[in-house]
Amino acid sequence: PDLWDEAMRALQEAWPQCRSCREDLEAFEQFLPDYLPPSSDSLGSPSLGSWVDLNKLATLLAKQLEPPRKNQQVPVCEIKFTQESASCYIAHGKHKGLLVSDVARMASDGHIAWDAPELRLDVVWWHGCFRSLNNRHLAVLKQAGAEKCLVREWPLTPGLFLPGSNRSVLQKFLEVQTSRVGGCTIQLKDRSRCSP
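The shown structure was predicted, so the numbers you read here are calculated from the model rather than taken from an experiment.

Conventions and cut-offs
Residues numbered from 1 in each chain as written. Predicted model: local features only at pLDDT ≥ 70, side-chain atom pairs only at ≥ 80, totals over all residues. Heavy atoms only, no water. Buried < 20%, exposed > 50% of the residue type's maximum accessible area, 1.4 Å probe, protein only. Helix = DSSP H or I, 4+ residues; strand = E, 2+ residues; numbered from the N terminus. Arc of directions from axis to C-beta. Contact = heavy atoms within 4.5 Å. Pairing = 2+ DSSP bridges. pLDDT = per-residue confidence, 0-100.

A. Structural detail: helix α5 (residues 100–108). Buried within α5 we find Val-100, Val-103, Ala-104 and Ala-107. Seen along its axis, α5 keeps its buried residues to an arc of 105 degrees; they face one direction. On its buried face, α5 is in contact with β3 (85–87), α6 (135–144) and β7 (187–189). The first or second residue beyond α5 is Gly-110, which carries a positive phi of 90 degrees.

Okay, here's the thing in structure tokens:
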């Protein structure tokens, strides 16, 4: 019980001060105020209600501490950009080196399906909405008029890495979170024509 109380106290002390961040973690709040370790029935085993609560808490914690296990379909309009600007050329994957607008045209013409693996987005949930870590691919989907897309929702937890990356998800998010317009738009630039 002392270890449990200490863990709950540490979690409460670490709870974010930012209102939007607290809202992102709303599902956890039910476990914080006056939460007690599992109660026992007369036989000394945990009650069904406490097991249900612990299972919910374990599921929520796993979602915050582990890489995503499956893709989910999300309306494209519900995903925000993280960057204010990006190169107009795709930097990685199957369409590397192609213009975002060309890939968008291929998608709108039906040559690339909205749920193609190369268009799946890695996203995080931050301040009440999905934020894309693949801004050029999100631009492709938006320019193509895609209604939905596949996403992998990553928790903003240190130590989790995107496949094939040497930067953690948290590090990448912090580096690219430059949008000053709430992620509603992105400027695509031909960086090869920019003067040094």
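Moving on from the model shown.
B. Molecular detail of the sheet that holds strand β6 (residues 148–154). In spatial order, the strands read β1-β6-β4-β5-β2; together these five strands make up an open sheet with mixed pairing. Whereas interior strands pair on both sides, the edge strands pair on one side only; in this sheet they are β1 (72–75) and β2 (79–80). Where strand β4 (residues 121–126) meets strand β5 (residues 129–132), four bridges bridge the pair, whose relative direction is antiparallel. Considered in β5, the bridge of Trp-125 is made with Phe-130.

C. Representation of the confidence of the model for the protein chain in the model. Chain-level pLDDT for the protein chain is 83 on average; 80% of the residues reach the 70-or-more range. By mean pLDDT, the top-scoring element of the protein chain is β2 (98), and the lowest-scoring one is helix α4 (residues 48–65) (69). Taken as a whole, residues 34–48 scores under 50 in pLDDT and shows 16 contacts with residues more than four places along the chain or in a different chain.

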